[in-house]
Amino acid sequence: MEVKKITNIAVLSAFSLVLMLLVRFPLFLPFLIYEPGDVPILIIAFLYGPGPALASTFILAILMAVFTGLGGPFGAFMHFLSTGTFAAIAGYFYQKHHSRSGAIKGLILGSTAMVIVMAFANLFLNPIFYGIPREQVRQMMLPGIIPFNLTKAFLNSAITVLVYKKLANFLRKKGLIKAVEKIN
């Protein structure tokens, strides 16, 4: 991996961590916390593909658990599962369909996959790790868990669409990415 690529990924990952730590607020239920840290990860996925986005997500999930203590190892795993699903699918689709509509379709597919994966993950893993009865988790699905993940995915997708092209053009002008990594 070339130095510019590693540097760009590191800077975007650091920005993701800053966003996760400083921009946080609950949505729908008090324990469902929105933070826009997925946006830089989605940008990594668009610029460099799902592999670097997953690697960054893995490291950031661990750092987030260490810095905040929220959820411990289980919280880190759920964060990796959520953001990893979202970014990997969005990035993979965008790599295959390198256009603005490809980016939007990738974000829609990634969002949909994340919502489905997290619904099942919460339903089956929360009873094991938190001891919450499965029926209680099921009752939280529609008033909280599913709307939270839909809102989180929508906000992060919208922000990504708004900033990606400008950031990619800036990086391209500075010679930090190649011209082939262009969005139409």
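Quick caveat, the model's predicted, so the values are computed rather than measured.

Analysis parameters
- Residues numbered from 1 in each chain as written.
- Predicted model: local features only at pLDDT ≥ 70, side-chain atom pairs only at ≥ 80, totals over all residues.
- Heavy atoms only, no water.
- Helix = DSSP H or I, 4+ residues; strand = E, 2+ residues; numbered from the N terminus.
- Rg over C-alpha atoms; globule rule 2.2 N^0.38 Å.
- Buried < 20%, exposed > 50% of the residue type's maximum accessible area, 1.4 Å probe, protein only.
- Areas by Shrake-Rupley, 256 points an atom, 1.4 Å probe, with all protein chains shown as cover.
- Lys, Arg positive; Asp, Glu negative; His and termini not counted.
- Charge placed at Lys NZ, Arg CZ, Asp CG, Glu CD.
- UniProt positions renumbered as here; feature names shortened; annotations may be inferred.
- Phe/Tyr/Trp six-rings, centres within 6.5 Å; stacked < 30°, edge-to-face > 60°.
- Axes fitted to C-alpha atoms, helices over the stretch in contact; angles between N-to-C directions.
- Left-handed = near helix turned anticlockwise from the far one by under 90°.
- Contact = heavy atoms within 4.5 Å.
- Nonpolar A, V, L, I, M, F, W, Y, C, P; charged D, E, K, R; others polar.
- Pairing = 2+ DSSP bridges.
- Parallel < 35°, antiparallel > 145°, perpendicular 65-115°, else oblique.
- Core = buried A, V, L, I, M, F, W, Y, C linked by side-chain atoms within 4.5 Å.

**A look at the overall build of the protein chain**
- Helix and strand counts for the protein chain stand at six helices and two strands.
- Order of helices (α) and strands (β) in the protein chain, N terminus to C terminus: α-β-β-α-α-α-α-α.
- Relative to its length of 184 residues, the protein chain is compact, with a C-alpha radius of gyration of 16 Å against a globular reference of 16 Å.
- Seen through its principal axes, the protein chain has C-alpha atoms that stretch 55 × 30 × 25 Å.
- For the protein chain, buried positions account for 48% of its 184 residues.
- Of the roughly 9,300 Å² of accessible surface on the protein chain, 74% is carried by carbon and sulfur atoms.
- Considering the protein chain, the positive charge centre built from 16 side chains and the negative charge centre built from 5 side chains are found 10 Å apart.

**Observations regarding the UniProt feature "transmembrane region" (unreviewed entry) in the protein chain**
- Per the UniProt annotation, the sites labelled "transmembrane region" (unreviewed entry) are residues 6-29, 41-68, 74-94, 106-125 and 145-164.
- The distance from the first to the last C-alpha atom of residues 41-68 is 19 Å, and the span holds 96% helix and 0% strand.
- Helix makes up 100% of residues 106-125 and strand 0%, with an end-to-end C-alpha separation of 27 Å.

**Let's talk about the packing of aromatic side chains**
- One pass over the full model with this rule turns up eight aromatic pairs.
- When the ring of Phe46 is compared with that of Tyr164, the centres are 5.3 Å apart and the planes differ by 85°; the resulting orientation is edge-to-face. Taken together, the residues span a long stretch of sequence, with Phe46 in helix 2 (residues 38-48) and Tyr164 in helix 6 (residues 134-173) at a distance of 118 residues. The same class applies to Phe46 as to Tyr164, namely buried.

**Things to note about the packing of helix 2 against helix 4 (residues 72-96)**
- Interhelical geometry of helix 2 versus helix 4 gives an angle of 35° and a closest axis separation of 8 Å. The interaxial crossing formed by helix 2 with helix 4 has right-handed handedness. Touching Asp38, Ile41, Leu42, Ala45, Phe46, Leu47 and Tyr48 of helix 2 are His79, Thr83, Phe86, Ala87, Ala90, Gly91, Tyr94 and Gln95, all from helix 4.
- Its residues placed into classes, the contact of helix 2 with helix 4 shows 10 nonpolar, four polar and one charged.

**Focus on the pairing of strand 2 (residues 29-34)**
- The sheet contact formed by strand 1 (residues 25-27) and strand 2 spans three bridges and is antiparallel. Residue Pro26 lies in a different strand from strand 2, and its bridge partner there is Ile33.
- As consecutive antiparallel partners, strand 1 and strand 2 are separated by one residue, and within that stretch Phe28 has a phi angle of approximately 70°, a positive value.

**Let's talk about the packing of helix 2 against helix 3 (residues 50-68)**
- Where helix 2 meets helix 3, the axes come as close as 7 Å, and the angle between the chain directions of the two elements is 155°. One finds that helix 2 runs roughly antiparallel with respect to helix 3. Crossing handedness for the pair helix 2 and helix 3: right-handed. Seen from helix 2, the contacting residues are Ile41, Ile44, Ala45 and Tyr48; seen from helix 3, they are Pro50, Pro52, Ala53, Ser56, Thr57 and Leu60.
- Residue composition of the contact of helix 2 with helix 3, grouped by class: eight nonpolar, two polar and no charged.

**Notes on unusual backbone geometry**
- Although it is not a glycine, Phe28 adopts a positive phi angle of roughly 70°.
- One can find Phe28 in the loop between strand 1 and strand 2.

**Some words on the nonpolar core**
- Core analysis: the largest hydrophobic core is formed by 34 residues, its most contacted members being Ile44, Phe46, Leu47 and Tyr164.
- Secondary-structure elements contributing two or more residues to this core are helix 1 (3-22), helix 2, helix 3, helix 4, helix 5 (100-130) and helix 6.
- Core analysis: the next-biggest nonpolar cluster, separate from the first, contains 11 residues, Leu27, Leu29, Val137 and Met141 among them.

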